[in-house]
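What the coordinates show
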Amino acid sequence: QVQLVESGGGLVQAGGSLRLSCAASGRTASLAMGWFRQAPGKEREFVATISSRGYTKDYADTVKGRFTLSRDNAKNTVYLQMNSLKPEDTAVYYCAAGMYGPRADAMNYWGKGTLVTVSS
């Protein structure tokens, strides 16, 4: 059984940075990983995804150029570096594992989320 635990969320001013971590238990080295987010009153949306080896990545247009996704399979951990944060980035961020791509329904495992709040 795969278990995912996010950390690193918090309160930051617009223009600031945060680094989210997703620590996994169980075998995830053969799985793609992804980050999704859900803002108050809105549907869950895709943020970023990375292949099992870490060589292929894709980002939502809203975060491209500002966010960077990486993984360290030796530590069984993935990271989301978020720079130039905007109030529109405020959401609960969820880590997921499964198929590569932007579809939430292709992910098999989910963390419980970490809250990111960006103040203006």
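Structure's up top.
Now for a description of the structure that goes with this document.

Another point: the overall build of the protein chain. Counting its secondary structure elements, the protein chain contains zero helices and 11 strands. When the elements of the protein chain are put in sequence order from the N terminus, they spell out β-β-β-β-β-β-β-β-β-β-β. Principal-axis analysis of the C-alpha atoms gives the protein chain an extent of 40 × 25 × 25 Å. Within the protein chain, the proportion of its 120 residues that are buried is 45%. Within the protein chain, residue pairs in contact and separated by at least 24 positions form 55% of the contacts whose partners lie at least 6 positions apart. As presented, the protein chain carries roughly 6,500 Å² of accessible surface, and 47% of it is formed by carbon and sulfur atoms. In the protein chain, 14 positive and 9 negative side-chain charges are present, and the distance between their average locations comes to 7 Å.

In this section: the state of the cysteines. For the structure on display, the rule yields one disulfide. Disulfide pairing places Cys 22 opposite Cys 95 at an S-S distance of 2.1 Å. Handedness here is read from the sign of the S-S torsion; for Cys 22 and Cys 95, about -85°, the answer is left-handed. Of this pair, Cys 22 sits in strand β3 (residues 18-25) while Cys 95 is found in strand β9 (residues 91-98), placing the two residues 73 residues apart along the sequence. For Cys 22, a relative accessible area of 1% corresponds to the buried category. Residue class for Cys 95 comes out buried when judged on its relative accessible area of 0%.

Scoring rules and cut-offs
- Residues numbered from 1 in each chain as written.
- Predicted model: local features only at pLDDT ≥ 70, side-chain atom pairs only at ≥ 80, totals over all residues.
- Heavy atoms only, no water.
- Helix = DSSP H or I, 4+ residues; strand = E, 2+ residues; numbered from the N terminus.
- Buried < 20%, exposed > 50% of the residue type's maximum accessible area, 1.4 Å probe, protein only.
- Contact = heavy atoms within 4.5 Å.
- Areas by Shrake-Rupley, 256 points an atom, 1.4 Å probe, with all protein chains shown as cover.
- Lys, Arg positive; Asp, Glu negative; His and termini not counted.
- Charge placed at Lys NZ, Arg CZ, Asp CG, Glu CD.
- Disulfide = S-S within 2.5 Å.

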